[in-house]
Amino acid sequence: MSLDPWHYPRTEFTHDTFVSLTRGPIASMSLFGPRRTGKTEFLLKDLGALAGDSYGHRVLYASFWQTGADPLAMMLYACDTALRPRSYGERVGAWLGNLPVKIRLGALKGMAEVEIDLSRKQSPRPADDLLLLDSYLDRLGDSRKPAILLFDEFQEIAGHDQAEQVMAGLRTSLDTRKSGVRTIFTGSSQVALKKVFDGRKAPFYRFAHPLHLPALDAGFVAHQLKVFHQVYRRKIDPARAAHVFERFDRNPLFLQRWLMSMGTDRTLDEDAAVTRTFADLAAELDYDRTWRKLAPYHRAMARILAERAGDPMGEAGAARYAELLGTKAPIPQTRQSYLRTLERRGIVDQWDREWRIADPIFEAWILDRGPDAF
Ligand SMILES: Nc1ncnc2c1ncn2[C@@H]1O[C@H](COP(=O)(O)OP(=O)(O)OP(=O)(O)O)[C@@H](O)[C@H]1O
Ligand SMILES: [Mg+2]
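The rules behind each value
- Residues numbered from 1 in each chain as written.
- Chains lettered and ligands numbered in written order.
- Predicted model: local features only at pLDDT ≥ 70, side-chain atom pairs only at ≥ 80, totals over all residues.
- Heavy atoms only, no water.
- Axes fitted to C-alpha atoms, helices over the stretch in contact; angles between N-to-C directions.
- Helix = DSSP H or I, 4+ residues; strand = E, 2+ residues; numbered from the N terminus.
- Parallel < 35°, antiparallel > 145°, perpendicular 65-115°, else oblique.
- Left-handed = near helix turned anticlockwise from the far one by under 90°.
- Contact = heavy atoms within 4.5 Å.
- 1 Å grid on protein atoms, 1.4 Å probe; cavity = no way out; pocket = protein on both sides within 12 Å on 5 of 7 lines; lining within 4 Å.
- Points joined across faces, edges and corners; volume = space filled by probe spheres on them.
- Near = heavy atom within 4 Å.
- Polar contact = N/O pair within 3.5 Å; in protein donor to acceptor, adjacent residues only side chain to side chain.
- Areas by Shrake-Rupley, 256 points an atom, 1.4 Å probe, with all protein chains shown as cover.
- Nonpolar A, V, L, I, M, F, W, Y, C, P; charged D, E, K, R; others polar.
- Domains from an automatic or database assignment.
- Buried area = accessible area lost by both parts, 1.4 Å probe.
- Salt bridge = Lys/Arg side-chain N within 4 Å of Asp/Glu carboxyl O.
- Phe/Tyr/Trp six-rings, centres within 6.5 Å; stacked < 30°, edge-to-face > 60°.
- Buried < 20%, exposed > 50% of the residue type's maximum accessible area, 1.4 Å probe, protein only.
- Pairing = 2+ DSSP bridges.

Participant: How do you make sense of the packing of helix 9 (residues 238–247) against helix 10 (residues 252–264) when you look at a structure like this?
Facilitator: To characterise two packed helices, one gives the angle between the axes of the helices and the distance between these axes. It is the contact of helix 9 with helix 10, at a shortest axis distance of 9 Å, that shows an interaxial angle of 140°. In terms of their interaxial angle, helix 9 and helix 10 are classed as oblique. Note that helix 9 runs across helix 10; the crossing there is right-handed. Counting all contacts with helix 9, which are made through Arg240, Ala241, Val244 and Phe245, the residues of helix 10 involved are Pro252, Phe254, Leu255 and Trp258.

Participant: How should I be thinking about empty space enclosed by the protein in this particular structure?
Facilitator: Rolled over the atoms, a probe as big as a water molecule pinpoints where empty space is left. Per the counting criterion, the structure on display carries 1 cavity of 30 Å³ or more. By volume, the largest cavity is sized at about 100 Å³. What lines the largest cavity is simply Val59, Leu60, Tyr61, Tyr77, Ala78, Thr81, Ala82, Tyr88, Arg91, Val92, Ala94 and Trp95. Counting only elements with at least two residues in the lining of the largest cavity, the list comes to strand 2 (59–63), helix 3 (71–83) and helix 4 (88–96). Considering each element in turn, the lining of the largest cavity owes the most residues, 5 residues, to helix 4.

Participant: Would you explain the site of ligand 1 in this entry?
Facilitator: Taken together, 17 residues form the shell around ligand 1, and within it Tyr8, Lys39, Thr40, Glu41 and Gln256 come nearest. A distance of 2.9 Å separates an oxygen atom of ligand 1 from a polar side-chain atom of arginine 35. The contact in question runs from an oxygen atom of ligand 1 to an N or O atom on the backbone of glutamate 41, over 2.8 Å. Burial of ligand 1 by the protein chains amounts to 84% of its free accessible area of 630 Å². When contributions to the shell around ligand 1 are tallied by element, the ones reaching two or more residues are helix 2 (39–54) and helix 10. A per-class count over the shell around ligand 1 returns 6 nonpolar, 6 polar and 5 charged. Taken domain by domain, the shell around ligand 1 gets at least three of its residues from each of domain 1 (11–212) and domain 2 (218–284).

Participant: Would you take a moment to explain the domain arrangement of the protein chain for this structure?
Facilitator: Often the size quoted for an interface is simply the accessible area lost on bringing the parts together. In terms of domains, the protein chain is made up of domain 1 (11–212), domain 2 (218–284) and domain 3 (287–368). The gap between the C-alpha centroids of domain 1 and domain 3 is 34 Å. At the boundary of domain 1 with domain 3, total buried surface from both sides reaches about 800 Å², with 55% on carbon and sulfur atoms. Applying the counting rule to domain 1 against domain 3 returns 2 salt bridges. The salt bridge partner of glutamate 343 is lysine 195, with a shortest N-O separation of 3.6 Å. The interface formed by domain 1 and domain 3 includes 4 residue pairs in polar contact (both at pLDDT 80 or more). Ranked by the residues each element gives to the side of domain 1 that touches domain 3, the list is headed by helix 7 (residues 190–198), at 3 residues. Partitioning the side of domain 1 that touches domain 3 into residue classes produces 3 nonpolar, 6 polar and 3 charged.

Participant: I'm lost on the packing of aromatic side chains in this one. Help?
Facilitator: Note on aromatic pairs: each is described by the distance of the centres and the angle between the planes. Counting across every chain of the model gives 24 aromatic pairs. A centroid spacing of 4.6 Å and a plane angle of 35° characterise the contact between tyrosine 287 and phenylalanine 362, whose relative ring orientation is tilted. Taken together, the residues tyrosine 287 in helix 12 (residues 287–292) and phenylalanine 362 in helix 16 (residues 360–368) connect sequence positions 75 residues apart. In this structure tyrosine 287 comes out as buried when scored by relative accessible area, which is 4%. Taking the centre distance of 5.9 Å and the plane angle of 80° together, the rings of tryptophan 291 and tryptophan 365 count as edge-to-face. Of the two residues, tryptophan 291 sits in helix 12 while tryptophan 365 sits in helix 16, which places them 74 residues apart along the sequence. The exposure classification of tryptophan 291 matches that of tryptophan 365, with both residues buried.

Participant: Is there a simple way to think about the pairing of strand 6 (residues 181–187) in this case?
Facilitator: In summary, the side chains of a regular strand alternate between the two faces of the sheet. Burial runs high along strand 6: 7 of the 7 residues are buried. Residues Val181, Thr183, Phe185 and Gly187 point to one face of strand 6 and Arg182, Ile184 and Thr186 to the other, with burial holding for every one of them. Of the pairings in the sheet, the one linking strand 1 (residues 28–32) to strand 6 comprises 5 bridges and is parallel in character. Within strand 6, the residue paired with serine 28 across the bridge is threonine 183. Bridge analysis of strand 5 (residues 147–152) against strand 6 gives 5 bridges, and the strand direction is parallel. Across the sheet, the residue bridging to leucine 149 is threonine 183, located in strand 6.

Spelled out as structure tokens, the structure:
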């Protein structure tokens, strides 16, 4: 399906998600997964491709990660492109390429033409735009082959000035078209996405069925090694690759960057490639700066979470804190406030009620620092 040879299809998960989404009792789902573990890849290359290319559903992709832009304008644009006669691949390509600044909407039969600035901060007439969105969703809706909306990084909508109004409008539109329009929302922050769905006042309260992106299995590593062999005509020891994959919490990006570093530099052996990849990613993702901005007590808290020893707020957590900083641990409430700071800065996230470092590569980076890093 996907033309990317490195893409490892999540066949079963894609099938189950697809049938649940198109034929299940609940019209929308929310997809959680830690940073850089393949949520977007799954939406675009697995689910979207299966639904759009193989089964001929109309699939619409929109990412809300466009800083400062108006989410309503994004949705209108995504709907408008979905109604134009283009293939799924062309539409996604257009979205992932450069978004235009200004777009003309509604050059479709029976709709008034409107010009929208995609980079506008908010809609001058949200009620009108919501009506327009509603009529787009009406056109997209098809109860025989539901249109599939892939809304990536949806938690970003919460920070927008008109968020409440936009979400209420969107919810009403989706609610009234359950059989014709089905939606999957993803977020890289589970806490933030939960706020969108679970807040009692939130219009999406208990709206979407939660789904967890499963970690990639050993087949992913075997697939990457096979493609590596085809591309570079060299072999990598599968046991070493499996070890690297496990050490970095089955992170697909890390494994691929590790392979690429050996592909582009024949002098690197497997261990040197790990060191190089780790250093390169840390520099690109600016871990050092994030770390330097933290006070020692925040760092201690982050380290305790990275160690995943359990019970960070309890006695074990307090003992570890004392060990790391050489001072008595403050009361649990104070440590809780450290945790909130880490959460606000996007460093930690909650998984199944357990607090974790949100980015698995950052977690490995923290563990890699000596305990004297405080
Ligand atoms: N199934 C897969 N097959 C091959 N490569 C994959 C797969 N899933 C993820 N990857 C690789 O991992 C990288 C990160 O994946 P992706 O961007 O989809 O993660 P994400 O969870 O959406 O991240 P973020 O939290 O930053 O939005 C991809 O660019 C791709 O190179
Ligand atoms: Mg993503």
